[in-house]
Structure formats: C-alpha cells, structure tokens
Amino acid sequence: MKMLVPLFILAAASSSAQTVDELVAKNIAARGGLAQLKAVECVRIERTVAAVFTDIDIVIYKKRPNLYRSEQKAKDAPNTTVRGFAETAWESVGGKATAREGAGPVEQREVDADFDGFLVDYREKGHTIAFEGKQKLGPADAYKLKVTMKSGAERTVYLDATTFLERRHEGTIELAPNRRVKTTIDFGDWREVAGVRFPFAIEGERDAPGQTFVHYTKRIEVNVPMDEALFRMPS
C-alpha cells in the first residue's frame, strides 16, 4: 500500500529549503558576492587575543582549497605554538612537531580551514542546513540556521536580519579526548578588504574555566604570496 505524503508537508519542506538557500545567498552577497570571495586565493590575518590570564598574539595563514596555519604566542611565553592543516593535521611546540588525531582536528578542518566559510557551497561539501526561525539576539533580530557538517559536527549560525552577516556561532568543541564543551563565538565590526567583508571583532566563550577570549584584528591581507610548504608538517 502506497503512503501518500500530505501536500502541506511537501510544501513546508520546499519552503524551508528555499528559505535556507535565500538566506545563504544573502549572506554571501553581504560579504561581497561569490565572485569576490572566489577571487581571494589566500589570506593572512594578524590578531591579538585578550584571554583571562594573558594576551596572545596570533597570525593565521589560509590558502585555497583548504590549507591552514596558525601561529600563537602568549605574552612572555618562550615558545610559539604552530598548528596546520595540509595532508594531515599537526602541531609544533618548541620545534617538536606531532600529528593531531581525533574528532577535534577533523572539526577544525571543516570550520577553520574552510576557506570561504562552511555556508558557501555547503551542499558540495556534504553539509546540511535547516532553517529554525527568526529570534532576538540582543536588541536585534537574527535568522537561526542549524548546520550539520559532513563529519556530523553541528553549528548553530545566527545571521543578522538586517545585514545578513554572521552574528554568532554556537556549538561544541573537543578540548581533549572525550571532553567536549559548549562554545559561543560572536562576530562584529565587519570591514571590507579587497572587496570582501571580514569580522574584525570576535568574542569567544567556552563552557570551561578561563575560556573567554576577545579577538582584536590588527591586519588582514589578501592574495599575498604563500608557499604551500608553510602548511606542511615539519619533518
């Protein structure tokens, strides 16, 4: 016996998919448009992160399609922590490099190493997005999207209802094997660099002691020369 699906259910599903695609398209347009985003081949970002106990200087390098490197040095710390994604995820402290394994690096590759951001070309990347309505986020309205990554990791994204730029990400991250904590990241002060808008103010909070961060972006440079060896695990 054939099961008939009510038309209103099909219509609701179609409307939700249309809403998701419309919101994603408006977000991409607000950031500068797909052509401008794709014209950027690499990015170098300098930030200072004000943490609870100290300040941390960070330099981030990103290159298409999904190469990523970050250099972090806390104030008065003797060593710089370097993390990268190329063929493998790796970390180097004091010149000693090790491969990173587990769910944490996989999720970071999908989020941090995603050059355009995980909303762009989300279907091709294997992600799914569900529209969960409109709600207040502080004094302003925001559209709520639930993103399920290809790996199964989830992020809730809030788009400003006026600008369609990202206001907040919520989810969980792996701080250590078998230890996940909630994380909230707020974005603001979007500025244009080479025709593309980037958030210059970022605030992060994790559900763990001392895990509150305020990121001050000092400089963003696009299409500066970057050798791919920069992203590979040191031998």
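Scroll up a little and you will see the structure.
> Could you give an account of the overall build of the protein chain, naming the residues involved and the relevant values?
Along the protein chain, the regular secondary structure elements total three helices and 13 strands. Taken against the 2.2 N^0.38 rule, which gives 18 Å for 235 residues, the C-alpha radius of gyration of the protein chain at 19 Å falls within 12% of a compact globule. Along the three orthogonal principal directions, the C-alpha set of the protein chain runs to about 65 × 40 × 35 Å. Across the 235 residues in the protein chain, those meeting the buried criterion constitute 41%. Partitioning the contacts of the protein chain with sequence separation of at least 6, the portion at a separation of at least 24 is 42%. With the model as given, the accessible surface of the protein chain reaches about 13200 Å², and the carbon-plus-sulfur share is 53%. Between the averaged position of the 35 positive side-chain charges in the protein chain and that of its 34 negative side-chain charges there is a distance of 1 Å.

> Tell me about the layout of surface pockets, and please be specific about residues and values.
One number sums up the size of the second largest pocket: a volume of about 220 Å³. Taken together, 14 residues form the lining of the second largest pocket, with N66, R109, E110, D114 and K125 sitting closest to its centre. In the lining of the second largest pocket, the residues fall into three nonpolar, two polar and nine charged.

> Could you give an account of the packing of aromatic side chains, naming the residues involved and the relevant values?
Enumeration according to the criterion identifies three aromatic pairs in this entry. With a centroid separation of 6.3 Å and an interplanar angle of 50°, the aromatic rings of F131 and Y143 are classed as tilted. In this pair, F131 is assigned in strand β7 (residues 128–137) and Y143 in strand β8 (residues 140–148), connecting sequence segments twelve residues apart. For Y143, a relative accessible area of 17% translates into the label buried. Note on Y143 and F164: the rings are 6.0 Å apart at their centroids and 5° apart in plane angle, and the pair reads as stacked.

> Just give me the short version of the side chain of R155, but keep the residues and values in it.
Tracing the chain through its elements places R155 in strand β9 (residues 154–160). On the accessibility criterion, R155 (9% relative accessible area) is buried. At a separation of 3.2 Å, a polar atom in the side chain of R155 contacts the main-chain carbonyl oxygen of T172.

About the criteria used
Residues numbered from 1 in each chain as written. Predicted model: local features only at pLDDT ≥ 70, side-chain atom pairs only at ≥ 80, totals over all residues. Heavy atoms only, no water. Helix = DSSP H or I, 4+ residues; strand = E, 2+ residues; numbered from the N terminus. Rg over C-alpha atoms; globule rule 2.2 N^0.38 Å. Buried < 20%, exposed > 50% of the residue type's maximum accessible area, 1.4 Å probe, protein only. Contact = heavy atoms within 4.5 Å. Areas by Shrake-Rupley, 256 points an atom, 1.4 Å probe, with all protein chains shown as cover. Lys, Arg positive; Asp, Glu negative; His and termini not counted. Charge placed at Lys NZ, Arg CZ, Asp CG, Glu CD. 1 Å grid on protein atoms, 1.4 Å probe; cavity = no way out; pocket = protein on both sides within 12 Å on 5 of 7 lines; lining within 4 Å. Points joined across faces, edges and corners; volume = space filled by probe spheres on them. Nonpolar A, V, L, I, M, F, W, Y, C, P; charged D, E, K, R; others polar. Phe/Tyr/Trp six-rings, centres within 6.5 Å; stacked < 30°, edge-to-face > 60°. Polar contact = N/O pair within 3.5 Å; in protein donor to acceptor, adjacent residues only side chain to side chain.

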